Amino acid sequence: MGEATTRFVDRTLAAVGAGTHATPIFEESKALCGAGILFLLPFLLAQGLLKAKEVFRLPATHYYGLESVVLTLAFMALARIKNPEQLKQCKPGEIGRIIGLDRVPEVRCLREKIKTISEQGRSIHFNNILIDQWYSDDQQGDAGFLYVDGHVRIYYGYKANLPSKYIARQKLCLSATSEFWVNDARGMPVLMVMGELTEKLQTVIEQQIIPRLIETKLISAEIGDQEDPQCTLVFDREAYSPAFFQRLWESYRIAVITYRKNVKDYWDENGFERIDVQVLDHIINMDLCEQETELGGYRFREIRRLGVSGHQTAIITTHPHLETWQVAGRMFARWSQENFFRYLIKDYDFDKMISFGVETIDMEKTVVNPQYRKATYQIKKLKEKIQRIESKFYPLVEQTMDNKLEKMPQITDKQMQYKLLLDQYRQEADILVKEREKLQPRIKLGQMPEEKRYNKLKKESKIFMNVIKMICYRAETAVASIISPYLANAEKEKRMVVKQIIQANADVVPDYKNKTLQVILYSLSANRYNRAAAELAGLLNQTETTFPGTDLRMVFKISANLDCDR
C-alpha cells in the first residue's frame, strides 16, 4: 500500500477500480508539522482554488480526488516544496493529515494527476473563471491599470530546439521560452500567456493579451463613441512604438503609459514643480513637468521627472484625463511587477519545468532565417574589425607628414600591414554580403531542416501550475496585508511572519459531534508575531470556513501566552 498508508479498504477498492474519491477524515494530531498552513486555507478558498472543480475532472474511481490534488499542490507551493520530487524529502503522513488523508500522493501518482488535468486543456478557462471572480463589479478598479511584462525562462535541456533569447540577468543569449504576464494595479497576477518563438511584446499584446481581456470581459470589443479609456496598459520600452500606441487607442480605447525612447532634449529645470506622488502605498516627493510632444506624427502627453543628479526621466501616455502625478505614480509602480517576478523566482521557483516533452509549432509560422542571422553576425564582426584597423591606419597617414625621414620605413611597414588586413576583411565582408543576398531574411518554420526546426515545450501543465501559484501568491499577500497593522516594521516583516505561520506546527483537533475542526498554532519566534497571528485567527473565525469535503467548521487559535512579555 505504501509508506504511511492507513486507509487500506479505500485504497484496495481504488486499486481494483471499485472505489471512490477518498473523503477527508481527521484524527486528533498534536504538533503536526507545518499544520500552520491551514491558517491560509480560507484565503485560498476565497481566491477561488476550488473553482478547479468546475473545470477539471479526475476519474471517479481514483483514491485522490480533484479537491485533494489541488489542495496538495497549493500547500506545496506555500510550503516552498518546489516540485513533486521534493516530496521525497518530506513526511508524507504529516502532510496527508493536514488535508484529512492518510498521506499525500506519491511523486509518480501526483505527476500522473497533473498530466491528467493538463491533457484536458482547460487551464486558460480556469484562469478566466478566476479573473471573473477576482474582478467583479466592486473590484473592477484594480483592473483599470494593468502592468504587462515578459519573463524569460531559460531552458537547460537538450530535447527541445528553442530559439535563443537575450537573458538580461545573465547578459547571455541562451535557449529559452518567454512568458508574458499581466498584473493589476496592486501588483497582483491576473493572467499569463506563453510565447512560442521570438514574439515581441507589441505582437503579444495585440494578438494574445487583448483577446484574453475581451474574453474575460475586462474590456469590450465594441468601443462606439467612447472617449474614456477602457483600461490603461503600463509597460517598459520593449513595446515602444508611437504608431502602436495610437492603434491601441483608436481600435480598443486602451491607453498606455511607458517610458519614452531616445530622449535628446532637456527641459528647463525652472518649469518643474515639486509634487507629492503616491506610488503604491508610499508618498514620494517628485519634481514633475508636463508638455505635449509629437512622436512619429502623433501627439502625446509627456511627463518628465527631474532627478537629484539632473537626469530627466521621460514618460509618455495616451490617457486623456489622468493627472500628471497619477501618470508618474502608475509608471514608477511598475516595479511591483518586477518584485512579483523576483519573489516567485526565489520562493516559488516558478521557472521549474512541470512536465517533460515537446510539442510542434504551426509550420506556416515565419521565423528569422538562422543562416541569414549567422551571415549578418559575421558581417557585423568583420565591420567591427575593419573599424578598429582603420582607427589605427589613418593616423599613420598623418604621421608620415609630420615625422622625420628616418622613421618613415617603420611607419610605412605598419601601413602596409594594416592595408593588407583591411583589403582582406573588406573582401571577406563583400563575399558574405553577396552570399547573404541569396538568402531569405525570414522563412517558414517548415522550411527549416528537421533536425534544427524549432519546437516548444509542453505548456498546458506550466499554465495550470502558474494559475495555482497565482492563487497562492494572492492568498499569501492577503494574509500579509491583514497582519500589517499589527507589526511595527510591517514592510520588512509581514511576509516573513506569513512564512513563519506556514512553517509552524499546530494541533489539529476534530470534533465531529459539534462539527468543528480546531487548528491551534504553536508559538512563533517573537511575541509581537504571536499577537499578529492572534488577530488573524480572530478574523478567520468570523469567516466560518468549512474544510472542503467535510461539514467541519474551522476554528483557529494560538497556543502562545500573549502576556508573557508584560
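Look up: the structure comes first, before these words.
Owing to the predicted nature of the structure, the values given are computational and were not obtained by experimental measurement.

Student: Just to check I follow, could you spell out the packing of aromatic side chains for this structure?
Tutor: One pair of aromatic rings is described through two measures. These are the centre distance and the angle between the planes. Applying the stated criterion to the full structure yields 17 aromatic pairs. Where Phe 244 meets Phe 245, the ring centres are 6.1 Å apart and the plane angle is 55 degrees; that geometry is what we call tilted. For the pair formed by Phe 244 and Phe 245, the shared burial category is buried. Three or more aromatic residues joined by ring pairs form one cluster here, namely Trp 181, Phe 340, Phe 341, Tyr 343, Tyr 348, Phe 350 and Tyr 473. Directly above the ring of Phe 145 sits Arg 330, whose terminal nitrogen or CZ lies 4.0 Å from the centroid. Above the face of the Tyr 343 ring, Arg 495 is positioned so that its terminal group lies 4.8 Å from the ring centre.

Student: Looking at this structure, I do not really get the nonpolar core. What am I missing?
Tutor: Across soluble globular proteins, nonpolar side chains have a tendency to be buried as a group. The biggest cluster of nonpolar side chains holds 126 residues, and the ones touching the most others in it are Phe 39, Phe 126 and Ile 205. Per-element accounting of this core gives the leading share, 13 residues, to helix α13 (residues 460–483).

Student: Just to check I follow, could you spell out the state of the cysteines for this structure?
Tutor: Cysteine pairs can be linked by a disulfide, which is a covalent bond between their two sulfur atoms. Considering all chains together, one arrives at zero disulfides under this definition. Cysteine Cys 90 remains unbridged, with the sulfur of Cys 33 as its closest cysteine sulfur at 10 Å. A residue is classified by how much of its surface remains accessible, and Cys 90, at 25% relative accessible area, is partly exposed.

Student: I keep staring at a nonpolar patch on the surface and nothing clicks. Help me out?
Tutor: Taken together, the side chains of Val 9, Leu 13 and Val 16 make up a nonpolar region of the molecular surface, amounting to roughly 280 Å² of accessible area. Along the polypeptide, Val 9 turns up in helix α1 (residues 8–15). When its relative accessible area of 60% is taken as the criterion, Val 9 is described as exposed.

Conventions used here
- Residues numbered from 1 in each chain as written.
- Predicted model: local features only at pLDDT ≥ 70, side-chain atom pairs only at ≥ 80, totals over all residues.
- Heavy atoms only, no water.
- Phe/Tyr/Trp six-rings, centres within 6.5 Å; stacked < 30°, edge-to-face > 60°.
- Buried < 20%, exposed > 50% of the residue type's maximum accessible area, 1.4 Å probe, protein only.
- Lys NZ or Arg CZ within 6 Å of the ring centre and 35° of its normal.
- Core = buried A, V, L, I, M, F, W, Y, C linked by side-chain atoms within 4.5 Å.
- Helix = DSSP H or I, 4+ residues; strand = E, 2+ residues; numbered from the N terminus.
- Disulfide = S-S within 2.5 Å.
- Patch = residues over 30% accessible without salt bridge, like charges linked within 9 Å, V, L, I, M, F, W, Y side chains within 5 Å.
- Areas by Shrake-Rupley, 256 points an atom, 1.4 Å probe, with all protein chains shown as cover.
- Salt bridge = Lys/Arg side-chain N within 4 Å of Asp/Glu carboxyl O.

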